[in-house]
Amino acid sequence: MAPHAHEHHAAEHDTSAHDASEHGEPFVAELLDLEGEVLHAHLTEVTGRLADLTAESAEDRPVRRILDLGSGTGTGTFALLRRFEDAEAIAVDASPRLLQHLRGRARELGVADRVRTVEADLDAAWPDFGGVDLVWAAGALHHMSDPDRALREAFAALAPGGLLAVIEMAGVPYFLPHDLGIGRPGLEARCRAALASVHAETMPHLGADWGPLLSRAGFTDEAERPYTVELVPPLPAATGRYARAVLGRMRTALDGRADADDLATLDALIDSDGPHSVLHRDDLAVRTERTVWTARRQPLAVGRERRQP
Ligand SMILES: C[S@@+](CC[C@H](N)C(=O)[O-])C[C@H]1O[C@@H](n2cnc3c(N)ncnc32)[C@H](O)[C@@H]1O
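Residues numbered from 1 in each chain as written. Predicted model: local features only at pLDDT ≥ 70, side-chain atom pairs only at ≥ 80, totals over all residues. Heavy atoms only, no water.

(A) Structural detail: helix α6 (residues 187–202). Across its 16 residues, α6 extends 22 Å between first and last C-alpha, which sits within 8% of the 22 Å expected from 1.5 Å per residue. Contacts from the buried residues of α6 go to α8 (237–253) and α9 (260–270). (Helix = DSSP H or I, 4+ residues; strand = E, 2+ residues; numbered from the N terminus. Expected span 1.5 Å × (residues − 1). Contact = heavy atoms within 4.5 Å.)

Pasting the structure below:
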């Protein structure tokens with residue numbers, strides 16, 4: 001373990017008090033959980049592809065140990081544990097609150113004995129994860145200050161023949177029609193453009209082409225696959241809560257960076273009790289694009305190590 005890494009087994013009960021305000025993380029936790037719920041079918045499709053790829057691997061190695069980098073509340077962790085029934089997962093995140101939430105979910109889902117959480121800043125020294133079969137990094141690499149280094153560490157964490165999956169979303173999803181009936185038509189497109197300029201300053205690696213970085217880190221068999229998610233009404237109530245969480249976060253990020261009339265429209269949309277709340281709209285859709293990069297650490301059988309005396 002790195003000097004600053006804290007490890008918990010999800011089966012242990014958390015005794016620390018829950019601070020509902022710290023860094024707004026309960027809000028982030030809700031958003032991540034809702035995203036996992038709304039994009040459930042998409043996640044199932046992606047983990048299915050990973051199952052095919054791991055079954056195709058030269059050594060046909062079963063997936064027993066999974067590492068979820070920047071796990072948040074465990075959306076990826078739990079989707080992978082569902083898919084790989086014999087596997088255990090290590091969920092790593094810098095946020096103790098999100099990991100605490102993840103451990104609670106693991107207990108609710110009855111998989112606490114298959115999940116270990118590690119609190120670690122992946123921009124600092126990495127803990128020794130001891131050879132895993134599958135590394136999953138969803139919406140996480142663009143947060144790293146040095147993604148090249150993070151990918152080299154991910155490569156080192158994989159056992160030979162292991163697989164890496166990098167999942168990134170192309171901007172925030174669209175939920176609303178062009179003309180909402182309030183404010184100026186085209187709100188979401190304008191907000192996304194404004195948000196893109198905020199992100200360009202704060203997260204320069206967002207939207208990167210990860211393929212060349214994977215090769216540089218030593219991976220082979222890189223493949224890039226785009227996924228278009230399009231969910232159309234009628235949709236479950238979680239969609240409204242997800243839209244509210246995403247638009248609420250957008251509203252905060254755009255404070256002072258979008259026109260006042262657009263900010264007022266966003267305020268009306270995220271006001272749970274107001275007449276224009278997204279919670280009450282029956283025309284919400286979810287349109288988003290995600291890209292999944294997969295790459296492999298070369299198996300020993302065709303590597304140089306085998307030939308050494
Ligand atoms: C967009 S969220 C994605 C969460 C999760 N992978 C999912 O798909 O729902 C990004 C996550 O990366 C974590 N993160 C950001 N920077 C990190 C760092 N330097 N070390 C470890 N975790 C980090 C955040 O705490 C957050 O949980």
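(B) The arrangement of the packing of aromatic side chains in detail. Under the defined criterion, the tally for this structure stands at 3 aromatic pairs. When the ring of Trp126 is compared with that of Phe129, the centres are 6.3 Å apart and the planes differ by 75 degrees; the resulting orientation is edge-to-face. Taking relative accessible area as the criterion, Trp126 reaches 11% and is therefore assigned buried. Residue classification places Phe129 among the buried residues on the basis of a relative accessible area of 5%. Summarising the aromatic geometry, the rings of Phe175 and Tyr242 are spaced 5.5 Å apart at their centres and angled 85 degrees between planes, so their arrangement reads as edge-to-face. Here Phe175 is found in the loop between β6 (158–169) and α6, whereas its partner Tyr242 is found in helix α8, with 67 residues between them in sequence. (Phe/Tyr/Trp six-rings, centres within 6.5 Å; stacked < 30°, edge-to-face > 60°. Buried < 20%, exposed > 50% of the residue type's maximum accessible area, 1.4 Å probe, protein only.)

(C) Inspection of helix α3 (residues 75–83) at higher detail. Within α3, the full set of buried residues consists of Gly76, Thr77, Phe78, Ala79, Leu80 and Leu81. Close packing links the buried residues of α3 with α2 (40–56), β2 (65–69), β3 (88–93), α4 (96–109), β4 (115–119) and β5 (132–138).

(D) Expanded view of the packing of α6 against α9. For the pair α6 and α9, the least separation of the axes is 11 Å and the interaxial angle reads 110 degrees. Of the possible angle classes, the one that applies to α6 and α9 is roughly perpendicular. In the packing of α6 onto α9, the handedness of the crossing is left-handed. Of the residues in α9, those touching α6 at Leu187, Arg190 and Cys191 are Asp262, Thr265, Leu266 and Leu269. Residues belonging to the contact of α6 with α9 are distributed by class as follows: 4 nonpolar, 1 polar and 2 charged. (Axes fitted to C-alpha atoms, helices over the stretch in contact; angles between N-to-C directions. Parallel < 35°, antiparallel > 145°, perpendicular 65-115°, else oblique. Left-handed = near helix turned anticlockwise from the far one by under 90°. Nonpolar A, V, L, I, M, F, W, Y, C, P; charged D, E, K, R; others polar.)

(E) Fine view of the confidence of the model for the chain. Per-residue confidence for the chain gives a mean pLDDT of 92, with 92% of residues at or over 70. Here residues 17–23 scores under 50 on pLDDT; set against residues more than four positions off or in separate chains, the count is 8 contacts. For residues 303–309, every residue scores under 50 in pLDDT, and the model assigns this stretch 4 contacts once sequence neighbours within four places are set aside. (pLDDT = per-residue confidence, 0-100.)

(F) Local environment of the site of the ligand. The immediate surroundings of the ligand are formed by 16 residues, with Gly70, Asp93, Asp121, Leu122 and Ala138 found nearest. Between the ligand and Gly70, the relevant distance is 2.7 Å, taken from a nitrogen atom to a main-chain nitrogen or oxygen of the residue. Leu122 places a main-chain nitrogen or oxygen 2.8 Å from a nitrogen atom of the ligand. Looking at the shell around the ligand residue by residue, the classes come out as 7 nonpolar, 6 polar and 3 charged. (Near = heavy atom within 4 Å. Polar contact = N/O pair within 3.5 Å; in protein donor to acceptor, adjacent residues only side chain to side chain.)

(G) Main features of the packing of α2 against α3. Between α2 and α3, the least distance of the axes is 10 Å, while the angle of their chain directions is 55 degrees. Accordingly, the angle class assigned to the pair α2 and α3 is oblique. α3 is crossed by α2, and the crossing has right-handed handedness. Contacts between α2 and α3 pair His40, Leu43, Thr44, Thr47, Gly48, Leu50 and Ala51 from the former with Thr75, Ala79, Leu80, Arg82 and Arg83 from the latter. Each residue belonging to the contact of α2 with α3 can be placed in one class, and the counts come to 5 nonpolar, 5 polar and 2 charged.

(H) Focus on the domain arrangement of the chain. Here the chain is partitioned into domain 1 (6–170 + 207–232 + 285–300) and domain 2 (186–203 + 234–282). Measuring from the centre of the C-alpha atoms in domain 1 to the corresponding centre in domain 2 gives 27 Å. Tallying the contact residues gives 16 residues for domain 1 and 11 residues for domain 2. When the buried area of domain 1 at its contact with domain 2 is split by residue, Phe27, Leu31 and Leu34 rank highest and sum to 36% of it. Between the two partners, domain 1 and domain 2, sit 0 salt bridges. For the interface between domain 1 and domain 2, the tally reads 2 residue pairs in polar contact (both at pLDDT 80 or more). (Domains from an automatic or database assignment. Buried area = accessible area lost by both parts, 1.4 Å probe. Salt bridge = Lys/Arg side-chain N within 4 Å of Asp/Glu carboxyl O.)

(I) Spotlight on the sheet that holds β4. Reading across the sheet, the 8 strands line up as β1-β4-β3-β2-β5-β6-β8-β7 and stay open at both edges, with mixed pairing between neighbours. Sheet topology places β1 (6–9) and β7 (220–231) at the edges, where each strand pairs with a single neighbour. If you compare each strand with its neighbour and ignore which way they point, the axes differ by 20 degrees on average. Of the pairings in the sheet, the one linking β5 to β6 comprises 6 bridges and is parallel in character. When the sheet's bridge partners are listed, Val135 is paired in β6 with Leu164. With respect to the sheet, α4 is in contact with β1, β3 and β4, its orientation differing from that of β4 by roughly 175 degrees. (Pairing = 2+ DSSP bridges.)

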